[in-house]
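Listed below, chain by chain, are the residues.
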Amino acid sequence: QVQLVESGGGLVQPGGSLTLSCSASGSMFRFVTMAWYRRPPGKERELVASITPGRTTNYGDSVKGRFTVSRDNAKNTMYLQMGTLKPDDTAVYYCNTAPLRNVPWGQGTQVTVSS
């Protein structure tokens, strides 16, 4: 069964940067579009960014120009470089396929943007 493990979150000041990692087990990773999602406090989960196996990317309007998604298919790993962070970016960040394919969610990684 595919397992997803997110890491790299933490506390950062507004304007700061963080890079998240998503490690996936199994052989499916390199063949599917992967995405970062986030759940802000008290809000619904939203899609942040996605990347196809061929590395075509797509971003939510709120993060365009500030976040960059990338992937290393040889390492079954996806990354999210986050820059110019804002308090509104505070959330638990998750990775999964896009669209969702009944792959179990990982534990997520908490990102808190605060001074």
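The structure reproduced in this document is the subject of the present report. Values in this document were obtained by computation on a predicted structure and should not be read as measured data. (Residues numbered from 1 in each chain as written. Predicted model: local features only at pLDDT ≥ 70, side-chain atom pairs only at ≥ 80, totals over all residues. Heavy atoms only, no water.)

**Here's the deal with the sheet that holds strand β8 (residues 77-82)**
One open sheet accounts for 4 strands, arranged β1-β3-β8-β7; its pairing is antiparallel. The open sheet terminates on both sides in strands that have one partner only, identified here as β1 (4-7) and β7 (67-72). Ignoring which end each strand starts from, the neighbouring axes of this sheet average 15 degrees apart. Pairing analysis gives 4 bridges linking β1 to strand β3 (residues 18-24), with the strands arranged antiparallel. (Pairing = 2+ DSSP bridges. Helix = DSSP H or I, 4+ residues; strand = E, 2+ residues; numbered from the N terminus. Axes fitted to C-alpha atoms, helices over the stretch in contact; angles between N-to-C directions.)

**With respect to the pattern of salt bridges**
Within the structure shown, the criterion is met by 4 salt bridges. Close ionic contact of glutamate 46 with arginine 38 constitutes a salt bridge, the shortest N to O distance being 2.5 Å. When the shortest N-O distance is used, the salt bridge between aspartate 89 and arginine 38 registers 3.0 Å. You can see aspartate 89 sitting in the loop between β8 and β9 (91-97) and its partner arginine 38 sitting in strand β4 (residues 34-39), a full 51 residues away along the chain. Across this residue pair, the class does not change: aspartate 89 and arginine 38 are buried. Within the structure, one salt-bridge network assembled from shared partners comprises Arg38, Glu46, Arg66 and Asp89. (Salt bridge = Lys/Arg side-chain N within 4 Å of Asp/Glu carboxyl O. Buried < 20%, exposed > 50% of the residue type's maximum accessible area, 1.4 Å probe, protein only.)

**As for the state of the cysteines**
Applying the stated criterion across every chain yields a total of 1 disulfide. Sulfur-sulfur distance for the disulfide between cysteine 22 and cysteine 95 comes to 2.1 Å. On the sign convention where negative is left-handed, the bridge of cysteine 22 and cysteine 95, at about 70 degrees about the S-S bond, is right-handed. Of this pair, cysteine 22 sits in strand β3 while cysteine 95 sits in strand β9; the two residues are 73 residues apart in sequence, bridging distant segments of the chain. Comparing cysteine 22 with cysteine 95, the two get one shared label, buried. (Disulfide = S-S within 2.5 Å.)

**A short note on the pairing of β8**
Examined bridge by bridge, β3 and β8 share 6 bridges and lie antiparallel to one another. Each bridged residue has a counterpart across the sheet, and for cysteine 22 the counterpart in β8 is methionine 78. Both β7 and β8 contribute to a ladder of 6 bridges, which runs antiparallel. Counted as the bridge partner of valine 69 is leucine 80 from β8. Where β7 folds back onto β8 in an antiparallel hairpin, the turn is made up of 4 residues, including asparagine 76, whose phi is positive at roughly 50 degrees.

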